[in-house]
Amino acid sequence: MHEVSLMQTTLDIACDHAAQQGAQHIHWIKLRVGELSGVIPEALTLAFEIVTTGTMAANARLEVETVPVICHCSACYQDFQPTGWVYVCPTCHQFTTDLRQGRELELTAMEVS
Amino acid sequence: MCEDCGCSAGSVQIHQGHDPQPNKTTTSLEVPTPSVRHLDLHAKILEHNDRIADQNRALFHQQGWLVVNILSSPGSGKTALIERLAQDQRNNWQIGTIVGDLATDNDAHRLGHAGVSAVQITTGTACHLEASMVSHALSKLPSKPWDLLVIENVGNLVCPAAFDLGEQIRVVVLSVTEGEDKPQKYPAMFKSAQVVLINKTDIAEAVGWQRDLAIANLQQIAPQATLFEVSARTGAGMHAWYAYLDQCRQGLNGPLSRSQNSQVLQIGRLSSN
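Values in this document were obtained by computation on a predicted structure and should not be read as measured data.

What counts, and where the lines are drawn
Residues numbered from 1 in each chain as written. Chains lettered and ligands numbered in written order. Predicted model: local features only at pLDDT ≥ 70, side-chain atom pairs only at ≥ 80, totals over all residues. Heavy atoms only, no water. Contact = heavy atoms within 4.5 Å. Buried area = accessible area lost by both parts, 1.4 Å probe. Salt bridge = Lys/Arg side-chain N within 4 Å of Asp/Glu carboxyl O. Polar contact = N/O pair within 3.5 Å; in protein donor to acceptor, adjacent residues only side chain to side chain. Helix = DSSP H or I, 4+ residues; strand = E, 2+ residues; numbered from the N terminus. Nonpolar A, V, L, I, M, F, W, Y, C, P; charged D, E, K, R; others polar. Pairing = 2+ DSSP bridges.

Each side of the interface is counted separately: chain B has 31 residues, and chain A has 34 residues. Summed over both sides, the interface between chain B and chain A buries roughly 2,800 Å², with carbon and sulfur atoms accounting for 66% of that surface. Summed over the three residues of chain B that lose the most area to chain A, namely Arg37, Leu41 and Ile45 of chain B, the buried surface amounts to 26% of that side. Linking chain B to chain A there are zero salt bridges. At the junction of chain B and chain A, the tally comes to seven residue pairs in polar contact (both at pLDDT 80 or more). Of all the secondary structure elements, the ones that give two or more residues to the side of chain B that touches chain A are strand S2 (37–44), helix H6 (187–191) and helix H7 (211–221) of chain B. Taken together, the residues of the side of chain B that touches chain A break down into 18 nonpolar, seven polar and six charged. Pairing between strand S6 (residues 105–112) of chain A and S2 of chain B: six bridges, direction antiparallel. Bridge pairing in S2 of chain B places glutamate 106 of chain A opposite lysine 44 of chain B.

Before going further, it helps to examine the pattern of salt bridges. Evaluation of the coordinates by the stated rule reveals 15 salt bridges over all chains. Between arginine 100 of chain A and aspartate 98 of chain A there is a salt bridge, with its nearest N and O atoms 2.9 Å apart. The closest approach of N and O atoms between aspartate 212 of chain B and arginine 211 of chain B, which form a salt bridge, is 3.6 Å. Ionic contacts of the salt-bridge type, sharing partners, join the residues Arg32, Glu65 and Glu106 of chain A into one network.

Coordinates in, geometry out; function isn't part of it.
Below is the structure:
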């Protein structure tokens, strides 16, 4: 359940940015979460409710954009989106470990007042 | 990029208001509402951890220590593997350990009895180690020219995968009692491993371990990982694992070349017995 500590870190970052703007409230925040980041979006939502209680982000909305895994095949030089956890090129059937996206864990936007 | 006006310059983009009626006049009787601002950020949530992990890594490199982070579910034999390593290599390597658990310092005591310096991190409610915990634990470790520093992470196949500690080698332990499909169930963890140790091979037959299926699963989910089949209890297969560590130690002054990696890989693939 590391989502609580991750969401606490996220809230700290968001509150720092809001304070820099002289804002009193956070209305919503938006995250990008890679499929291979090890984070479960549903657990993030629960954690968000827990950590924002009594803060400037109380009642704020959480938006989570899931970032799909994109792999690169070193044999036929193409990027592809795997259909499961086995990263095999659909063209030449080589396994790959070369990830071009899917590990993201980012706070990308927020609205404050 | 701003969803309202589409602009995207700068790492933090601020939009004052986005008033849908910009030409509306405000009378002196109206209380102005605080302006709503939209901030575009590019903030990595783990940036703080990653920065400290980089500092740890730089320290390890500067000191010439090989640092291994061992992860697994509870009860797979991480502590037993480190005890065996400490006993087998006590005349060859100076080994330090940092041990993470939610509670108790039992593992540090076990490792202390095995003759290695051990610092216990008691994480309380945290289900994983973070780079700052390792950095803090380093200050409690005796000052020695360590050949090998082993970090035993909290027993958990989910959360620790997300946290870089600054280690050079990430080792995931899978014991034969856990089931052949563990890699499919916890892909993020197994995909992050440089090494997978299959442990408790001495009881594989008794528990009906399907070796070929397990190895096929690992090769599909974690083709990057070097595999060793070992038994911490009997010592079977451990010498190939030590040979790998020795090669990594020799490669500390620079990244392993592709040919060295191939050699290591072969050692790993040939480790079954």
